[in-house]
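Working through the structure, step by step
Listed below, chain by chain, are the residues.
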2 protein chains.
Amino acid sequence: MKKFDLIGKDMKRVDTASKATGEALFSGDLILPRMLVGKVLRSPYPHARIISIDTSKAEKLPGVKAVITAKDMSGDKWGVFKYTQDQQFLPTEKVRYVGEEVAAVAAVDEDTALEALSLIDVQYEPLPAVFTVDDALAPNAPLIHDVYPSNINIHVKIDVGDVEKGFSESFLVREDTFTAPEDSYFQGEPYAVAAQFDNAGNLEIWMPNAGPHLKAKPLSNVLKIPLNKVRVRKITIGGAFGGRSEIAPADVICAFLARKAKRPVKIIYTREENTVATRQAHAMVTTIKTGVDKEGHVVARDITCRMDGGAYSSTGPIAVSVPFLCMEQAYRMENIRYNGYRILTNKPIRGMFRTHGRAFACGVDTQLDMLGAELGIDPLTMRLRNARQTGDYTPTKSFVASCGMTETIIRTGEQSGWKEKFGKLPPFHGIGIGTNSVQTGFPMGIRGGSQAFIKLNEDGGITVITGIVDNGQGNDNMIVQIAAEELGISPDDVQLISADTEVTPSDPGSYSMCETFIGGNAVRLAAQDVKMKLFKIAAGEFGVGEDELTARDRKIFVTSNPEKSMNIAKAVRIALSRNESISGEGSYWPNVDAKREWVKNPYGQLSETFSFGTVIVEVKVDPETGQVEVIEAWAAQDVGYALNPKVIEGQFEGGFAMGGQGGMLSEFHQWHEGRVLNPTHLGYMVPLAIDMPKINNIIVETIDPNGPYGAKEAGMSVAMSAAQAYSGAISNAIGVYLKDFPLTPDIILKAIEGKGKREQ
Amino acid sequence: MKKFDLIGKDMKRVDTASKATGEALFSGDLILPRMLVGKVLRSPYPHARIISIDTSKAEKLPGVKAVITAKDMSGDKWGVFKYTQDQQFLPTEKVRYVGEEVAAVAAVDEDTALEALSLIDVQYEPLPAVFTVDDALAPNAPLIHDVYPSNINIHVKIDVGDVEKGFSESFLVREDTFTAPEDSYFQGEPYAVAAQFDNAGNLEIWMPNAGPHLKAKPLSNVLKIPLNKVRVRKITIGGAFGGRSEIAPADVICAFLARKAKRPVKIIYTREENTVATRQAHAMVTTIKTGVDKEGHVVARDITCRMDGGAYSSTGPIAVSVPFLCMEQAYRMENIRYNGYRILTNKPIRGMFRTHGRAFACGVDTQLDMLGAELGIDPLTMRLRNARQTGDYTPTKSFVASCGMTETIIRTGEQSGWKEKFGKLPPFHGIGIGTNSVQTGFPMGIRGGSQAFIKLNEDGGITVITGIVDNGQGNDNMIVQIAAEELGISPDDVQLISADTEVTPSDPGSYSMCETFIGGNAVRLAAQDVKMKLFKIAAGEFGVGEDELTARDRKIFVTSNPEKSMNIAKAVRIALSRNESISGEGSYWPNVDAKREWVKNPYGQLSETFSFGTVIVEVKVDPETGQVEVIEAWAAQDVGYALNPKVIEGQFEGGFAMGGQGGMLSEFHQWHEGRVLNPTHLGYMVPLAIDMPKINNIIVETIDPNGPYGAKEAGMSVAMSAAQAYSGAISNAIGVYLKDFPLTPDIILKAIEGKGKREQ
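Analysis parameters
- Residues numbered from 1 in each chain as written.
- Chains lettered and ligands numbered in written order.
- Predicted model: local features only at pLDDT ≥ 70, side-chain atom pairs only at ≥ 80, totals over all residues.
- Helix = DSSP H or I, 4+ residues; strand = E, 2+ residues; numbered from the N terminus.
- Rg over C-alpha atoms; globule rule 2.2 N^0.38 Å.
- Buried ≥ 20, exposed ≤ 12 C-beta atoms within 10 Å, placed from the backbone.
- Contact = placed C-beta atoms within 7 Å.
- Least-squares fit on C-alpha atoms with pLDDT ≥ 70 in both.
- Pairing = 2+ DSSP bridges.
- Axes fitted to C-alpha atoms, helices over the stretch in contact; angles between N-to-C directions.
- Domains from an automatic or database assignment.
- Nonpolar A, V, L, I, M, F, W, Y, C, P; charged D, E, K, R; others polar.
- Expected span 1.5 Å × (residues − 1).
- Core = buried A, V, L, I, M, F, W, Y, C linked by C-beta atoms within 7 Å.
- pLDDT = per-residue confidence, 0-100.
- Parallel < 35°, antiparallel > 145°, perpendicular 65-115°, else oblique.

Turning our eyes to something else, we now look at the overall build of chain A. If you tally the helices and strands in chain A, you get 19 helices and 28 strands. The globule rule puts the C-alpha radius of gyration for 760 residues at 27 Å, and the 27 Å found for chain A is close to it. When its C-alpha atoms are laid out on the principal axes, chain A stretches across 80 × 75 × 45 Å. Here chain A holds 760 residues, and 62% of them are scored as buried. Sequence separation of 24 or more characterises 80% of the internal contacts of chain A that already satisfy a separation of 6 or more.

Listed below in C-alpha cells is the structure:
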C-alpha cells in the first residue's frame, strides 16, 4: 500500500473546535431579521375525520402574521415511491395519529403563537383506531388509507432456491417468533427549521437533514417553484440516524408560513414533537424458521416479518427490506424466503433507522445460537461456518467484492477470550456474539451519484464544493482529508463549501452509508482532476512525464528526484498566467442496479460494496433486579480501509451505544391508545457516557477495490451486531433464550422466573 | 447578426425588486450575533509625529472589547505597486492628513465606542504641512514620506515621435494651463465593513468593494493568514466609481478588531468619514501645448500634469496614467509627450475615479475648441478630423480593434442640430461637444483573468458561480442574461453565486470597466461548455452532429427541424443517469501586455478594446447669476454591442450626471489647512434627479471582435465626454474659454467680467 500523509491517520476533526466552543450554529440557533416563531397545531385524536377548521379567531390575534391549513396547499400527496404517496403535509380529510399536523401559525413570539393555536377551532369526528399490527389486520379493522385495499400497503417478497426442499433436507429445523416495540432516534438536536423567501420567490431553508438535494426536490414540487429557487442550506446537524432523510411536514409548513407571512419563520420542535412528529423506528413481530445441517450450516430459512408502520408509508419499502438484506449479506444460504409486511396503524410514522429491526436481526442471531446449542456448536463457530466470503453473490444477486466477515469474527473471538469464556463463566455471567453486514449505499434514481468541484487559490489553498452533508458523523472532515491527501497539501489549506443546494452539485445524501463511498470518491476524483492540471504544468517545467510527479508537502516534485520541485502555489500562478484552468471536477456514480421498482423486483446489485461486523459482549446479570452490567465489549468491523481511525472508532462507539446499550437494554416506547407516554429523556432512557462499558475497537481492512482508498462505511455493522451480541450474552448469562426486545429488567426477571413476555 | 432572445433586449434587472423593496442588504445592514460597534480615532493634525498613544483608560471603560493601535499590526506598508508601498493601515510614526486613522475600538454600542475614543490619549508633535502642489514642491517643503527622495513619488513619462519637430512644423501652436480641485465619489452608501473570525481563524468580511478577490490578497498579507482563510463575501453595494477597488484601512481595522475582540465587529462610516477617509479624485494643474496644421489636425502635443495625490500613493500610478491614455485613444496624433507627476500633500488620499481628470480632459478639449476657433473650424469638425479609427495603433502601441468614434460624433451632431446651432445661438446660449475614449479593462498581474463555473439542476435550471462583483451598475443582471441566452433558458432559471472569494473562482474585479469584457466572456464560455455537454447527449439521441443543434426556450432542437427536440431538463437527467458531468467551466484572460512595471515602460497593448463616446450639451447661462441651465443633452457611446440597452442608458445617464452635471457645475471640495469644509451633502452638491436635463441616449454598436457578443463597456466614455461638453458649451455661451473647473457661478461671472480665476 502506498503511504499516505493524512489518510489512515487520526486527523483531528475539522469541526471539533467549533462544536466544543459552541460556535457551531444549529438550525434552532439561527436568527434572521424579522423572524417569526412558527408553531404547529396537532391532532388530539389517533383517527378522526376533520369536519371543519376555523382559523378566524387566531388570525385576528395581534402578532399573528400567518395561519395555514390544508387549504393553503394543493392537497398533493407525498411519498418516497410513487406507489406509497399517501401523506399530505397538512391533511385535508382525516388525521391518522395523535400528533399529526393540522394547522400552523407564525407569530411574533412563542406565547402569541401558542395562544393562536388555542384559538383555532377544529371540529373532528373521531373514528375507530388501531394501535397494533393484529388490530390493524383484524377483519373489520378500519381502513386507514382509502388508497390501499387493506392496511398492509407494502409487501416485500423474496424467494430464492427451494426453501421447502431445504427444510426437508435439514438436520434440524426451528421456528421462533421474536418481537420488539418501537424505538426512537433521539437525536441530540430536536428538529428545527428556519425558512425565508425573497421577493423573487427564492426559498432559503435550513434544517437538520441527511440529504439537502433529496429535500430540495419535494420542496420544489409542493411549493410549485422550480428547483433552482429552492436553496437547502448548510447548517450544523445534531444527528440523523436514518430519520432525517425525507422531507418532513415541518420543512413544508415552515416554508408555507414564510411565504404567506412574507417574513422568515423558524419552527423549533419540542422534544415531544421530535419524538412523535418526526420518525420512529418500526415495531415488529418476526417469525423465523431455520433449517441447518449437522455442522450448523444454514440450509434453508423462511422469515415472515410484520412491521408496524404507523400512519403513513414514509420510507417503508426500504425499512421493510433492509433487515433482510443485511442478513442475506452477512450469512451464506441457498434457500431463503422472506415475506415482509408493513402494516398501517394509527401511530406516529416509522422510517429508516440505523439499527434496522431488533426483532429481526436479534431473532436471526438468537435462533442461530439456539440451533448451535442443540447441535453442540458454540455461537462463534456457528457464525464462522455461515459467514459470507469475498467473491460470493448474495441470494438477491449482489456481488460481494470484499468481505472481512470471517476476520471480524476471529479477531473479536481472540481478543475477547471467547474460547476460554463461552460455557465456562459462572452463573448469571455470560458472553454473546452478533454478526451483521450493511450496504454502503442504497442510491436510487438519478440522484444516486455525487459530483464535486475544486478550485485552487493562487497561494495553493483550495475550496472543495460538494453536496455531501455532515450529520455529525464527520463527513466534513472526510472531505478535507481526502482532498488534502490527493493534492499533497495541509488540511488547513482546504476550505469547504458543502450541502448547499444552490452552490453544490448533486449528491445522494448521507443516508444508507452513502457518503464515504459515493461522495468520497467524487471528491477524490475532483482532486485528481486539478492535480493533473498542475502536474501538466510541472511536467513541462521539469521536462518529465506527468506520471513521474508526486504532490506532497505543498510541493510538486519529480518522484525519482525530489530536488526537482516547485511549490503548488507556483504551479497555480503559472496556470493563471497562462490562462489555464485552476479548477477541477469529479463525479462518482456507484455501479448498482438501482431501480425505483426495487420492491417489485428485488434482485440485482444492491450496493457497490458491503461492510461486515462482529461484536462480542460479556455481561453480568443481577438475578435479584434483572439489571445488566456489561463487563467489556469487543467491536470489529470490516471498514474497507480506515480513512481516519479515530473517527471510525467514534462511529463504532456511537453505533454500539445506539444498537446495543440503549437499543437492547432501555430504549422503547410506552403507549396509551396511540399516545406516546415517554416522549422525553425523563421516560425514554438513552444511555449516557457514564453508562457505557469499555469497548475494544477492532478495525478490519479489506481494501475494497472501488471504495475511496478502499474504504466502505463505519459504524452501522457494529450497531446492528451489538444489538445481537447483547441478546446472545444476556441469554447466555441467564440460561434462557430471550425473544422479546429490548431486554429490560422486567423481561429478564420474568425469563429467569420462566415467564418471558413483557406486559404491554 | 444572429437574433438573440435576451441579449440586446431591455431585460428587467434581476436586482430591481430587492432594491426597490429594501430587501437588499448593504454592509451597514448586517447584524451578526454578538456584533460590536467599531469606531476609528482620527488625526486632528494634517502632519504630526506620534509621540505616544495611551489606550489604558479606554480599555478599562466597561463595554469596550478591543482597542487597537499600530502596535497590534506588523508595521508592513501597503501599496498597489511594490514601489508605492507607503501606507500603514494604522501608522506607527506619523500622521499625514486630517482624518488619518490612529487607533480604533470595538465596543458594545456606539456611545461606548465614541466615549472610548475620547479616552485614548495621543500625544502628537505637529509638523509643518503642505496643502498644495506648489507648496509641496517648494525648496524647503517638509518631506511627507522618508522613503521617497521628494514629494513627487510618481512620474509617468511618455514620449512618442518628435514633439519639438512637430511643433516647428505646426501651423498654429497654443499653450494653456487648466486647473481643477478635488472632487468626491459620494457613493449612495457610506463605507461600512463587517468582519468576524471563527475559531479556526477564518475571516469572513463584507464591505462595498469593486474587487473581492483583489481585496482578499492584501487582507491575507496584513493579517498573516493564508488566502483560503479570507472570505470576502457578496453584499449589495451602493456604488464604487473607482474608489472602492483597493483594500481600505477600514477593512483591515475591522478585521483586526474582530480578531482581538473574538466577536463580530461592524464599522459604519459617517458621511464625513466616507468623504475624508476613503478616497477622493485628484486635484490637478495641467499645462497643454498643442500644435495643429491648417486643417486642425493635431501635429504635436506636450502635456504636463501635476496631480495632488494627498498623503499616500494609493492607485496613483494608474490615476496619473489614465487621463493621458483616454486622450491618446480618442484622438489620432503622431508626436506626443506626457509628463504626469503625482505630488504628495497633507490631504486625504486620492485614487482612481470614474471621470479621470477634469483639468486634463476638459483642458485638451477646450484647447481643441480654441485652436479650432483660431482656424475657423467648428469644434465638431475639429473632432471628426482628429478622431481615432478602427485598425489604428495608439501612440503607446495599443491596437484598436473596433472604433465607433466618428459615428458617435456624427450622430450626436445630427440629432442635436449642431450645424444649425453652433455659432448661431443668441448671447449666453451655447452648445459644446466633448469626445473621449476609455479602456475596457486595465488588468494587471495574475489576477487579470476571470473564471466561472456553471452547474445544471435536474429540472434544467442552473447556478452560475463567478467572482464578478456588482457595484450597482448591473453586473449581476449581465451574468444572468448571458448565461440564460447561451443555454436557451429563462433568466428565472438562473441562480447566481457571485463575488464570494471562498466559493467563486478568481476575477479581476469591477474596476476600469473590466467586468463585461473579461467576466462576461468567462461566463459565456462556461455556458457554452455545459451547452456542448448537453448537445453531445441530444446529438446522440437525434442522430445528428452537435453543430446541428440549437438551445432555446428551455429546449434543445435540431436547427433545421425544430420538431426534433428535447427539454434541457431531460438532457440533464440523461446525463445524470449516465454519470456524465452536468457542470462546466469557462475562463477568459484579456489579450493585453499587462505588466506591473507599466509606469516604467508604458508601451504595449493596454486593453483588449476601447470604448468611444461623444456628448453634446446645449446650455443657457444667466449673466446676472452665473447659473447654468442645461437645455438638452445628446450622449452617444460606442459600447460594442448593447447587451441590455436599458441598463446601458442607465449607465449613460449616471455617467452624465457624475461627469457633467455634478462634476462640471457644482462638485468640488473647499479646504482650510487640510481640513475638508464641505464633507456632507449639505455643502457638497451632488446633483439630484430633479437637477438633470433631458438626455438623448444614442447607442452606437461596432461589434468588437473579442467582446462578449461584441460588447465593450457602458457609461465611462459618456461621463468623460460630458465633462468636456459642459466646458465647451458654457464657454460657447459666454464667449470666454474657461480654464478652471468646475464651472461654478462665481467662476462664470468672473469670466464674464473678464477676470476668470476662482478665489481659493
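Quick look at the relation of the copies chain A and chain B now. Each of the two chain copies can be brought onto the other by rotation about an axis and movement along it. When chain A is fitted to chain B, the best match, at an RMSD of 0.0 Å, comes from turning it 180° and sliding it 0.0 Å along the axis. In short, the pair behaves as if placed about a two-fold rotation axis. Distance from the rotation axis, computed per C-alpha, reaches its smallest value in chain A at A:V503: 4.1 Å.

With that out of the way, let us pick up the sheet that holds strand β18 (residues 429–439) of chain B. All names here are of chain B. With mixed pairing, the four strands of this open sheet are ordered in space as β18-β26-β27-β30. Sheet topology places β18 and β30 (695–701) at the edges, where each strand pairs with a single neighbour. For this sheet, the mean inter-axis angle between neighbouring strands, taken without regard to orientation, is 15°. Looking at chain direction, strand β26 (residues 610–621) and strand β27 (residues 628–640) are connected through ten bridges and run antiparallel. By the bridge assignment for β27, T614 is matched with A636.

Turning our eyes to something else, we now look at the sheet that holds strand β24 (residues 561–567) of chain B. Each strand in a sheet pairs with its neighbour through backbone hydrogen bonds, running either in the same direction (parallel) or in the opposite one (antiparallel). Residues and elements named next belong to chain B. Pairing in this open sheet of three strands is antiparallel, and the strands run β22-β23-β24 from one edge to the other. Pairing within the sheet leaves two strands with one partner each, and these edge strands are β22 (549–552) and β24. For this sheet, the mean angle separating the axes of adjacent strands, direction not counted, is 30°. On top of the sheet, helix α16 (residues 568–577) reaches β22, β23 (555–558) and β24; it is set at about 55° to β24, its chief contact.

Moving on to the domain arrangement of chain A. Residues and elements named next belong to chain A. Under the domain assignment used here, chain A contains domain 1 (32–127 + 191–238 + 245–276), domain 2 (283–443 + 596–752) and domain 3 (449–588). Between domain 1 and domain 3, the C-alpha centre-to-centre distance is 40 Å. Listed per partner, the contact involves 15 residues of domain 1 and 16 residues of domain 3. Of all elements in the fold, only α6 (212–223) and β11 (230–232) reach the threshold of two or more residues within the side of domain 1 that touches domain 3. When residues in the side of domain 1 that touches domain 3 are grouped by element, the largest group, four residues, is from α6. Residues that form the side of domain 1 that touches domain 3 fall into these classes: seven nonpolar, five polar and three charged.

With that settled, consider the interface of chain A and chain B. With 40 residues of chain A at the interface, the matching set in chain B holds 40 residues. Elements that contribute at least two residues to the side of chain A that touches chain B include exactly α1 (16–21), β17 (450–456), β18 (462–466), β19 (494–498), α16 (568–577) and β23 (583–588) of chain A. Split into classes, the residues belonging to the side of chain A that touches chain B amount to 15 nonpolar, 16 polar and nine charged.

We now examine the environment of B:A359. Residue and element names in this part refer to chain B. Within the fold, A359 resides in helix α10 (residues 358–375). Note: C-alpha distance between A359 and L30 (329 residues apart in sequence) is 40 Å. Residue contacts for A359: discarding those within four places in its chain leaves F178, T179, A180, M284, V285, T286 and F741.

With that settled, the discussion passes to helix α14 (residues 475–487) of chain A. The end-to-end C-alpha distance of α14(A) is 18 Å, a good match for the 18 Å that 13 residues give at a rise of 1.5 Å each. The buried count for α14(A) comes to 13 of 13 residues, which makes it a mostly enclosed element.

Formed by 469 residues in total, the largest nonpolar core has its most connected members in A:I253, A:A483, B:I253 and B:A483. Discounting chain neighbours no more than four positions away, the residues touching B:A483 are B:I454, B:I462, B:V464, B:V494, B:V523 and B:A527.

Below, the discussion takes up the confidence of the model for chain A. Residues at a pLDDT of 70 or more form 98% of chain A, whose mean pLDDT is 94. We note a pTM of 0.93 for the whole complex and an ipTM of 0.89 for its interfaces.

Right, let's get into the pairing of strand β1 (residues 36–42) of chain A. Residue and element names in this part refer to chain A. For β1, the buried fraction is high: six of the seven residues fall into the buried class. Inspection of the sheet shows β1 paired to strand β5 (residues 101–107) by six bridges, in the antiparallel sense. The partner of L41 across the bridge, within β5, is A103.

This brings us to the pairing of β23(B). All names here are of chain B. Across four bridges, the pairing between β22 and β23 is antiparallel. Of the residues in β23, the one forming a bridge with A551 is I556. Between β22 and β23, which pair antiparallel one after the other, the connecting turn spans two residues, and D553 there sits at a positive phi close to 55°.

Moving on: the packing of helix α15 (residues 515–542) of chain A against α16(A). Residues and elements named next belong to chain A. Following both chains from N to C, one finds α15 and α16 inclined at 85°, their axes separated by 9 Å at the closest point. Between α15 and α16, the angle falls in the class roughly perpendicular. Two secondary-structure elements touch here, α15 through K533, L534, I537 and A538 and α16 through I568, A571, I574 and A575. Along the lines of polarity and charge, the residues of the contact of α15 with α16 split into seven nonpolar, no polar and one charged.

All names here are of chain A. An ideal rise of 1.5 Å per residue puts 27 Å on 19 residues; helix α18 (residues 716–734) measures up with 28 Å between its terminal C-alpha atoms. Counting buried residues in α18 gives 19 out of 19 residues, a clear majority hidden from the surface. In the stretch just after α18, G735 is the one whose phi turns positive, near 80°.

The next point concerns the environment of B:P249. Residues and elements named next belong to chain B. Structurally, P249 is set in helix α7 (residues 249–261). Residue classification places P249 among the buried residues on the basis of 22 C-beta atoms within 10 Å. As a C-alpha pair, P249 and Q88 span 161 residues in sequence and 8.3 Å in three-dimensional space. Excluding residues within four positions of it along the chain, P249 makes contact with F89 and E101.

Residues and elements named next belong to chain B. Residue placement: W206 occurs in strand β10 (residues 203–206). On the basis of neighbour count, W206 is assigned to the buried category, with 29 C-beta atoms found within 10 Å. Distance from W206 to I482, taken between C-alpha atoms, is 27 Å for residues 276 residues apart in sequence. When neighbours within four sequence positions are excluded, W206 is seen to be in contact with S27, L30, V193, A194, R233 and I235.

Residue and element names in this part refer to chain A. With an omega dihedral of -5°, the bond running from F741 to P742 counts as a cis peptide bond. Positive phi outside glycine occurs at D553, with the angle close to 55°. For D553, a count of 15 C-beta atoms within 10 Å translates into the label partly exposed.

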